[in-house]
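What the coordinates show
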Amino acid sequence: MPTLEQAIATFGVTVDEHLDRQAEIPVLSGLQFQGDVAVVPVNRDPARTPVPETGVPIVRGQAEANTHLLVATGKAFFTPERFGGGLVLGVLTVAEDATAYLAHPEHAFTGIAPGTYELRRQREQADQARLVAD
Amino acid sequence: MNPPGPARSTADEREEHSRDGAAAERRAWESAARACYREIGVPFPERVVWVSSPLVGAFAAPIAACLSIGHRNTRVLNSVYRAVDDTAGQTVGRAVRAAVQAAADGAMSDPVHGAAATALHTEITARMGSALAAVVRDTPHEAVRETAHDTLPREESRILPTTPLATLAEASDEAVRAAVDAAVGGPRQDTIRGEVRRLWRARLDFQRSGTWLNLVGHFQQTAALPLDEEQPQRPIAERIAEQAPAGWWWWPFQDFVMLCPRPAEIHLEQVGEGAGATHRPHRADGPAAGWADGFGVYFWHGTHVPRAVIDDTLTTDEILRESNAEIRRCAIERRGWDRFIAEAGLAQIGPAVPDPGNPGQTLTLHDVPEGIYATHVRVLLCTNGTVERDGTRRRFGLTVPADCTDPLQAAAWTYGLTPAQYAAAQRRS
């Protein structure tokens with residue numbers, strides 16, 4: 001498990017200063033959440049589009065801020081859901097020996113172990129269901 | 001007087017420096033305004049009046065123009081001033097009276113001249129418009145063209161504001177328009193009120209975003225008017241405020257021109273880090289942009305809200321009755337969902353449960369009375385998985401369908417999961 005400091009150095013994504021740089025980032029294969037994004041283990045066809053070195057912005061926050069950025073060490077693949085706008089953002093496949101991370105300025109890093117997942121976004125029931133921006 | 005000495009404090013120097021900066025900026029903008037008049041072949045007016053805020057100018061310019069045409073019924077004028085006092089406050093009212101006097105002085109005693117002069121206002125508008133069109137057509141300067149394009153006629157510019165200053169300017173426009181409407185938009189008719197309305201409709205309401213401003217911006221860029229080259233490390237808000245000519249108000253007439261300084265203070269919050277960082281207006285304890293006379297606009301994390309939202313002075317009922325869902329949400333967030341739920345007495349549905357994957361935190365579900373949202377909803381009170389700068393964890397509410405009967409089911413619904421799936425969560429950050 002890398003520390004927050006190592007992840008920041010590896011991916012060049014920085015996070016809020018008050019977060020503990022020495023804290024280890026758990027790398028999990030089960031259900032986990034990063035703010036308004038869920039990483040849901042699923043049985044689906046694996047994704048085939050490689051995650052580029054610069055990462056994939058999964059959810060862009062208001063005014064480009066608070067983006068959840070998908071990055072990886074080793075091979076990871078992400079296919080956005082074909083018809084966007086729903087709860088499912090896309091399918092993530094993390095190869096054996098690889099680790100994917102969601103990076104976010106406020107929520108720091110979420111480590112994702114090998115496997116296939118749906119990345120989902122949170123919704124609210126307002127006048128009609130709407131997606132949550134954190 | 002104190003003898004000059006070496007022991008001047010840096011604060012004094014800073015103040016003097018900023019005063020000098022403000023004076024230099026005024027000179028620069030006045031030169032740009034002169035260049036605009038020159039461009040369209042209209043002599044620059046003798047009377048140049050600086051107003052303290054866009055609100056003051058929005059009232060003072062049409063009233064002064066109206067007096068110039070010869071409407072001089074003191075009783076009517078006083079009733080208009082009282083309307084300004086009532087809607088915008090006496091400080092603004094006094095500033096409006098002073099600006100009107102400065103602008104209309106002389107015209108008062110020369111109604112014939114005034115009538116002829118002010119009648120040219122529409123013509124000035126048209127000429128400025130075609131001058132700008134020429135500038136845009138002839139210049140290869142991409143920035144000018146983009147600026148012009150961004151803020152050309154309102155009906156053509158439906159794009160979202162992209163800079164904090166544009167956001168602030170739009171909000172100020174809204175606030176100014178509301179205040180002017182409140183003062184002169186009512187059923188009561190008289191010559192001055194009618195004239196103020198007429199001049200507003202003649203596009204006096206949005207000089208900020210109208211074409212003339214871009215013309216000023218063009219001349220400021222090209223007329224060799226360096227504002228300050230020697231200070232590369234100035235505060236971000238200041239640099240942003242200077243980047244665009246938008247956000248600048250002026251009211252050009254043939255016999256007077258009114259100019260308004262940019263806000264005396266601007267509060268922005270940074271969102272994101274590094275090269276991707278952006279800024280948006282936000283302030284939790286006052287106006288996000290404020291002018292010297294107290295006029296200001298209020299923002300909660302980038303959303304323009306009424307002052308009472310930031311001052312947190314609304315009653316629970318007022319928040320619940322607010323028709324704009326965005327503002328209602330900001331008001332509740334400003335107060336905090338946990339406080340709001342307690343104050344509004346929102347009934348708890350089911351027991352509190354531990355939040356899976358978020359050790360030590362609980363989820364509670366509360367009923368929201370019908371009629372607040374179009375559909376009947378409940379609210380799930382959650383706690384962030386990450387600590388804030390101050391060591392606390394942010395508590396926030398999420399609205400969920402009213403058929404959720406326990407917190408776990410509600411939390412699962414927000415991600416489209418089953419309660420059993422949600423209960424197996426391993427981590428929340």
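Quick summary incoming for the structure in this document. Since we're looking at a predicted model, the values are computed, not measured. (Residues numbered from 1 in each chain as written. Chains lettered and ligands numbered in written order. Predicted model: local features only at pLDDT ≥ 70, side-chain atom pairs only at ≥ 80, totals over all residues. Heavy atoms only, no water.)

**Re the overall build of chain B**
Quick reminder of the rule: Put simply, DSSP marks the helices as runs of H or I at least four residues long and the strands as runs of E at least two long, and each gets a number from the N terminus on. To sort residues, take the accessible area from a 1.4 Å probe on protein chains only and compare it with the maximum for the residue type: under 20% means buried, over 50% means exposed, and anything in between is partly exposed. In short, Shrake-Rupley with a 1.4 Å probe defines the accessible areas, and a residue's cover is counted only from the protein chains shown.
Helix and strand counts for chain B come out as 16 helices and 14 strands. When the 429 residues of chain B are sorted by exposure, 49% land in the buried category. Of the accessible surface of chain B, which amounts to about 20,200 Å², a share of 51% is contributed by carbon and sulfur atoms.

**Side note on the pattern of salt bridges**
When the charged atoms of two side chains lie near each other, side chains of opposite charge can form a pair. Put simply, the test is: Any Lys or Arg side-chain nitrogen found within 4 Å of a carboxyl oxygen on Asp or Glu counts as a salt bridge.
The final tally for this structure, using the stated rule, is 18 salt bridges over all chains. Between Arg389(B) and Asp16(A) there is a salt bridge, and its shortest N-O distance comes to 3.5 Å. In this pair, Arg389(B) is assigned in the loop between β12 (377-387) and β13 (393-401) and Asp16(A) in the loop between α1 (4-11) and β1 (27-28), connecting two distinct chains. Judged by relative accessible area, Arg389(B) falls into the exposed class, the value being 56%.

**What about the sheet that holds strand β4 (residues 265-266) of chain B?**
All names here are of chain B. Here is the rule: Two strands are counted as paired when DSSP detects at least two bridges linking them. Note on contacts: a residue pair is in contact if any heavy atoms of the two residues lie within 4.5 Å. Here, axes are lines fitted to C-alpha atoms. For helices the fit covers the stretch in contact, and angles between N-to-C directions go from 0 to 180 degrees.
Judged by pairing direction, the sheet is antiparallel, and its 4 strands sit side by side in the order β4-β7-β8-β9 without closing on themselves. Edge positions in the sheet fall to β4 and β9 (303-305), since each has one partner strand and no second. The strands that helix α7 (residues 164-184) touches are β4, β7 (289-290), β8 (296-300) and β9; relative to β8, the one it contacts most, it runs at about 120 degrees. Across the sheet, helix α13 (residues 325-335) is in contact with β8 and β9; its angle to β9 comes to roughly 85 degrees.

**Remarks on the packing of helix α3 (residues 74-88) of chain B against α7(B)**
Residue and element names in this part refer to chain B. Test applied: Roughly parallel covers angles under 35 degrees, roughly antiparallel covers those over 145, roughly perpendicular covers 65 to 115, and oblique covers all other angles. Crossings are sorted by hand: turned counterclockwise from the far helix by less than a right angle, the near helix makes the crossing left-handed, and turned clockwise it makes it right-handed.
One can describe the packing of α3 onto α7 by two numbers: an axis separation of 8 Å at closest approach and a directional angle of 135 degrees. As judged from the angle between their axes, α3 and α7 are oblique. In this structure, the crossing between α3 and α7 has a hand that is right-handed. Of the residues in α7, those touching α3 at Ala-83, Val-84 and Thr-87 are Ala-179, Ala-182 and Ala-183.

**Observations concerning the nonpolar core**
Residue and element names in this part refer to chain B. Definition in use: Nonpolar cores are built from buried Ala, Val, Leu, Ile, Met, Phe, Trp, Tyr and Cys residues. Side-chain atoms within 4.5 Å join them into one set.
Of all hydrophobic cores here, the largest spans 49 residues; its most connected members are Val-96 and Met-258. Listed by contribution, the elements that provide at least two residues to this core are α2 (54-68), α3, α4 (90-104), α7, α8 (191-201), β2 (249-252), β3 (256-260) and β8. Broken down by element, this core gets its largest block of residues, 11 residues, from α2. Residues in contact with Met-258, not counting those within four places in the same chain, are Val-49, Val-51, Gly-57, Ala-60, Ala-61, Ala-64, Ala-99, Ala-103, Trp-249, Trp-250 and Trp-251. In this structure, Val-353, Val-400, Trp-413 and Tyr-415 belong to the second largest nonpolar core, which totals 23 residues.

**Some points on the pairing of β12(B)**
Residue and element names in this part refer to chain B. Summarising burial for β12: 10 of the 11 residues are buried, a large majority. Inspection of the sheet shows strand β11 (residues 362-367) paired to β12 by 4 bridges, in the antiparallel sense. The partner of His-366 across the bridge, within β12, is Val-379. In this sheet, β13 lies alongside β12 in antiparallel orientation, the contact comprising 8 bridges. From the neighbouring strand, Cys-382 faces β13, where its bridge partner is Phe-396. If you look at the hairpin formed by β12 and β13, you'll find 5 residues sitting between the two strands, and Gly-391 has a positive phi there, around 90 degrees.

**Remarks on the interface of chain B and chain A**
We apply this condition: Buried area: the accessible area, evaluated with a 1.4 Å probe, that two parts lose upon being put together, summed over both parts. Under the rule applied, a polar contact is a pair of N or O atoms within 3.5 Å (in protein, one hydrogen donor and one hydrogen acceptor; residues adjacent in sequence only if both atoms are side-chain atoms). Only Asp, Glu, Lys and Arg are considered charged in this grouping, and only Ala, Val, Leu, Ile, Met, Phe, Trp, Tyr, Cys and Pro are considered nonpolar; every other residue, Gly among them, is considered polar.
Across the contact, 34 residues belong to chain B and 41 residues belong to chain A. Roughly 3,200 Å² is buried in total at the junction of chain B and chain A, and carbon and sulfur atoms are behind 50% of that figure. Scanning the region where chain B abuts chain A turns up 22 residue pairs in polar contact (both at pLDDT 80 or more). Counting residues per element, the side of chain B that touches chain A draws most heavily on β13(B), which supplies 5 residues. Looking at the side of chain B that touches chain A residue by residue, the classes come out as 13 nonpolar, 14 polar and 7 charged. Bridge count between strand β2 (residues 32-34) of chain A and strand β14 (residues 427-428) of chain B: 2 bridges; the pairing is parallel. Bridge assignment links Gln32(A) to a residue of β14(B), and that residue is Arg427(B).

**Focus: unusual backbone geometry**
All names here are of chain A. Phi is positive for Asp-97, close to 75 degrees, though the residue is something other than glycine. Mapping Asp-97 onto the fold places it in the loop between β7 (88-94) and β8 (99-104). A positive phi angle, near 60 degrees, is found at Ala-108, a position not held by glycine. Structurally, the position occupied by Ala-108 is in strand β9 (residues 108-112).

**As for the side chain of Ser53(B)**
All names here are of chain B. Its location among the elements puts Ser-53 in the loop between β1 (47-50) and α2. Residue classification places Ser-53 among the buried residues on the basis of a relative accessible area of 0%. For Ser-53, the side chain forms a polar contact with the side chain of Asp-293, separated by 2.7 Å. In this structure Ser-53 touches Cys-260, Trp-291, Asp-293 and Phe-295, once residues within four positions along its chain are discounted.

**Structural notes on the packing of α2(B) against α7(B)**
Residue and element names in this part refer to chain B. Following both chains from N to C, one finds α2 and α7 inclined at 40 degrees, their axes separated by 9 Å at the closest point. Here α7 runs oblique to α2, going by the angle between their axes. The hand of the α2/α7 crossing is right-handed. Counted together, Pro-54, Leu-55, Ala-58 and Phe-59 of α2 and Val-176, Ala-179, Val-180 and Ala-183 of α7 form the full contact between these two elements.

**Remarks on the sheet that holds β14(B)**
The strand order across the open sheet formed by 6 strands is β6(A)-β7(A)-β10(A)-β3(A)-β2(A)-β14(B), and the pairing between neighbours is mixed. Unpaired on one side and paired on the other, β6 (76-80) of chain A together with β14 of chain B mark the two borders of the sheet. Here β2(A) pairs with strand β3 (residues 37-41) of chain A via 3 bridges, running antiparallel. In the sheet register, Gln32(A) faces β3(A), and the bridge partner there is Val39(A).

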